[in-house]
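Given next are the chains, with one letter for each unit.
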Amino acid sequence: MGSTSFGIPEHRFGSNGEKMPVLGFGTAVFPPVRAEATKMAILQSIKLGYRHFDTAAKYGSEQPLGEAIQEALSIGLIQSRDELFITTKLWCGDAHGDLVVPALKRSLQNLKLEYLDLFLIHWPVSCKPGTYEFPIKEENFLPMDFNSIWAAMEECQRLNLTKSIGVSNFSCKKLTDILAIANIPPAVNQVEMNPMWQQKKLREFCRANGIFLTAYSPLGANGTFWGSDRVLECEVLKEIAKAKGKTAAQVSLRWIYEQGVGVIVKSFNGERMKQNLGIFDWSLDEDELKKIDELPQSRGVTGVAYTSKYGPFRTVEDIWDGEM
Ligand code: NAP
């Protein structure tokens, strides 16, 4: 594994050997902040060494990310856009065969970029063409037509609008469906994962099928409507952190990295941004790994999303096929 000039290991994938820094910077913010605050946080993170950025058409952070990249180039923080790894995602309202390429072109315009590094299907459900509401109204739900959508995702890669394509929030069953029809298999599946929701079965499946798993909400998304403090306040993680002179957040991020999984973490606070980068020069020992392995499991983010008033989907089964 190579690494960035700031020492973040890089995962290589795809036939062209694309390099993805295994630690990425999240840009989904709750409660919402001004675009300028997002731009400033991203600029600060580039100064600190983050090179991988995760956005989505739905987050409202594509434009501030694009502006931050332009400014980073103009003040010399980076010499070329190629030094960055940029991911964005297709929203459910654009998850229709004929809308995928135009949606990606719109995202590229927002980002002021000519190409993406990674384009993901955000959720494995569709809604009425062109609707961007959240939560999605019951009457606007539509089943996702994997055949036409994945063909359009592949077209995005063939047109060089993105270097790689992948999915997000896909279960083993839904990945199996995609793999059965894919000419270009998904490079990445981005899902909720942290010590309290370890995704063991999905990890095995992805490893066996050459799909790189990437963890979102690695700290349990504390402070957002979709998250809680159950990772940061976990006694086992706090004890390990104390013994190692680290924080529970660092223990969680390090544990994910040691599972061979990528991490997308969001902090707009300078000290915490630095803290989250400090996970590559130490390791967890066997006993600590065992304690984490034995933590009781429960779905966090996605569980909350389905049951709260913000829930974008009808049932957990819409996404996870009833799997734990
Ligand atoms: P997260 O990264 O687990 O947690 C973010 C929260 O933790 C923020 O409130 C942040 O506050 C706080 N935090 C960050 N570092 C900390 C530290 N060292 N100590 C204590 N608190 C800390 O959750 P997330 O934002 O849900 O996930 C990360 C990214 O994944 C998102 O931003 C988004 O890009 C992506 N994501 C994708 C999906 C999907 O469906 N594909 C879903 C959810 C998220 P401060 O900013 O104040 O530090």
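Looking at an unreviewed UniProt entry, one finds the protein chain named NADP-dependent oxidoreductase domain-containing protein, with Gossypium gossypioides as its source organism.

1. Examining the overall build of the protein chain
Looking only at helices and strands, the protein chain has 12 helices and 12 strands in total. A globule of 324 residues ought to have a C-alpha radius of gyration of about 20 Å, and the protein chain, at 19 Å, matches this closely. Along the first, second and third principal axes, the C-alpha atoms of the protein chain reach 55 × 50 × 40 Å. Taken across its 324 residues, the protein chain has 56% of its residues classed as buried. Restricting to contacts in the protein chain with at least 6 residues of sequence separation, those with at least 24 account for 71%. If you sum the accessible surface of the protein chain, you get close to 13700 Å²; carbon and sulfur atoms cover 51% of it.

2. Some points on the site of the ligand
In the neighbourhood of the ligand, 30 residues make up the surrounding shell, with D54, N222, W226, S267 and R272 lying closest. Within the side chain of Y59, an N or O atom sits 3.4 Å from a nitrogen atom of the ligand. At a separation of 2.9 Å, a nitrogen atom of the ligand approaches a polar side-chain atom of Q190. Bound to the protein, the ligand loses 89% of the 900 Å² it would expose on its own. Assessed atom by atom at 2 Å from the grid points, the ligand resides in the largest pocket.

3. Examining the layout of surface pockets
Approximately 1200 Å³ is the volume attributed to the largest pocket. Forming the walls of the largest pocket are 48 residues, and the residues nearest its centre are A28, V29, F30, T224 and W226. Looking at the lining of the largest pocket, the elements with two or more residues in it are helix 1 (35-48), strand 12 (262-265), helix 9 (270-277) and helix 11 (301-307). Ranked by the residues each element gives to the lining of the largest pocket, the list is headed by helix 9, at three residues.

4. Here's the deal with helix 4 (residues 146-158)
Taking 1.5 Å of rise per residue, the 13 residues of helix 4 would be expected to cover 18 Å, and the 18 Å separating its terminal C-alpha atoms lies within 8% of that figure. Buried-residue contacts for helix 4 involve strand 5 (85-90), helix 3 (100-111), strand 6 (116-121), strand 7 (126-127), strand 9 (162-168) and helix 5 (172-181). Backbone geometry just downstream of helix 4 places N160 in the positive-phi region, at approximately 65 degrees.

5. Focus on the pattern of salt bridges
Overall, the coordinates contain 18 salt bridges when judged by the stated rule. One salt bridge in this structure joins R158 and E155, with 3.6 Å as the shortest N-O distance. In this pair, R158 and E155 both sit in helix 4, three residues apart, roughly one turn of the helix. What makes E155 partly exposed here is its relative accessible area of 33%. Between K244 and E288 there is a salt bridge; the shortest N-O distance is 2.8 Å.

Cut-offs applied
- Residues numbered from 1 in each chain as written.
- Predicted model: local features only at pLDDT ≥ 70, side-chain atom pairs only at ≥ 80, totals over all residues.
- Heavy atoms only, no water.
- Helix = DSSP H or I, 4+ residues; strand = E, 2+ residues; numbered from the N terminus.
- Rg over C-alpha atoms; globule rule 2.2 N^0.38 Å.
- Buried < 20%, exposed > 50% of the residue type's maximum accessible area, 1.4 Å probe, protein only.
- Contact = heavy atoms within 4.5 Å.
- Areas by Shrake-Rupley, 256 points an atom, 1.4 Å probe, with all protein chains shown as cover.
- Near = heavy atom within 4 Å.
- Polar contact = N/O pair within 3.5 Å; in protein donor to acceptor, adjacent residues only side chain to side chain.
- 1 Å grid on protein atoms, 1.4 Å probe; cavity = no way out; pocket = protein on both sides within 12 Å on 5 of 7 lines; lining within 4 Å.
- Sits in = over half its atoms within 2 Å of the grid points.
- Points joined across faces, edges and corners; volume = space filled by probe spheres on them.
- Expected span 1.5 Å × (residues − 1).
- Salt bridge = Lys/Arg side-chain N within 4 Å of Asp/Glu carboxyl O.

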